[in-house]
Amino acid sequence: MNLAEKFDRVRDYWSPKILAELNDSHVKIAKLKGEFVWHHHPSEDELFLVIKGHLLIKLRDSEVRLGEGEFTVVPKGIEHLPIAEEEVHVLLIEPKSTLNTGNVLDTCTVANLEWL
């Protein structure tokens, strides 16, 4: 699978797309820009791998700054706020049950993800 080709097909920010299944997880990609929403995932850990750009993930007591080729895992239950000052391309690995906005339902929530 060619990630550059897949990212070319992503048009909307903060709208993850599924690329593959891995055991009980999905491998997803998304383009991010701007500030998301404070949220947590009660039952799911979430891996963020930055493919392009720089991503800031604010936590209530600290922050994580990621550059290209860097990743972090946000453990289940940890409230976080992703921020992308410029366009960022991320690869996500998370359980299939993971809702992009976690415990928050708002205009950013994408319940039915598209496969690429």
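Calculation notes
- Residues numbered from 1 in each chain as written.
- Predicted model: local features only at pLDDT ≥ 70, side-chain atom pairs only at ≥ 80, totals over all residues.
- Heavy atoms only, no water.
- Helix = DSSP H or I, 4+ residues; strand = E, 2+ residues; numbered from the N terminus.
- Buried < 20%, exposed > 50% of the residue type's maximum accessible area, 1.4 Å probe, protein only.
- Polar contact = N/O pair within 3.5 Å; in protein donor to acceptor, adjacent residues only side chain to side chain.
- Contact = heavy atoms within 4.5 Å.
- Phe/Tyr/Trp six-rings, centres within 6.5 Å; stacked < 30°, edge-to-face > 60°.
- Salt bridge = Lys/Arg side-chain N within 4 Å of Asp/Glu carboxyl O.

**Q** How should the side chain of Thr-98 be read in this particular structure?
**A** As for its position among the elements, Thr-98 is in the loop between β7 (80-95) and β8 (114-115). Here Thr-98 falls in the buried class, since its relative accessible area comes to 7%. In terms of polar contacts, Thr-98 uses its side chain to reach the backbone carbonyl oxygen of Pro-95, at 2.9 Å. With near-sequence residues (within four places) excluded, Thr-98 lies in contact with Lys-28, His-41 and Glu-44.

**Q** Quick question: what am I supposed to make of the packing of aromatic side chains here?
**A** Any pair of aromatic rings gets described here by the distance separating the centres and the angle formed by the planes. Tallied over the entire structure, the rule returns one aromatic pair. On the basis of an interplanar angle of 20° and a centroid distance of 4.6 Å, the ring pair of Trp-14 and Phe-36 is categorised as stacked. Remark: Phe-36 occurs in the loop between β2 (25-35) and β3 (46-52) and Trp-14 occurs in the loop between α1 (3-8) and β1 (17-22); sequence separation between them is 22 residues. When its relative accessible area of 11% is taken as the criterion, Phe-36 is described as buried.

**Q** Can you help me understand the environment of Val-104 in this one?
**A** Mapped onto the elements of the fold, Val-104 is located in the loop between β7 and β8. On the basis of relative accessible area, Val-104 is assigned to the partly exposed category, the value being 22%. Sequence-wise, Val-104 and Val-37 are 67 residues apart; in three dimensions their C-alpha atoms are separated by 8.2 Å. Look past the residues within four positions of Val-104 in its chain and what remains in contact with it is Val-37, Trp-38, His-39 and Thr-109.

**Q** Teacher, can you tell me more about the pattern of salt bridges here?
**A** Two side chains that carry opposite charge are able to pair once their charged atoms sit near each other. According to the stated counting rule, one finds four salt bridges in the structure shown. Across the salt bridge formed by Lys-28 and Glu-94, the nearest N and O atoms sit 2.7 Å from each other. Placement of Lys-28 in strand β2 and of Glu-94 in strand β7 is noted, with a sequence separation of 66 residues between them. Residue class for Lys-28 comes out buried when judged on its relative accessible area of 1%. Between Arg-65 and Glu-63 there is a salt bridge, with its nearest N and O atoms 3.1 Å apart. A residue is classified by how much of its surface remains accessible, and Glu-63, at 41% relative accessible area, is partly exposed.

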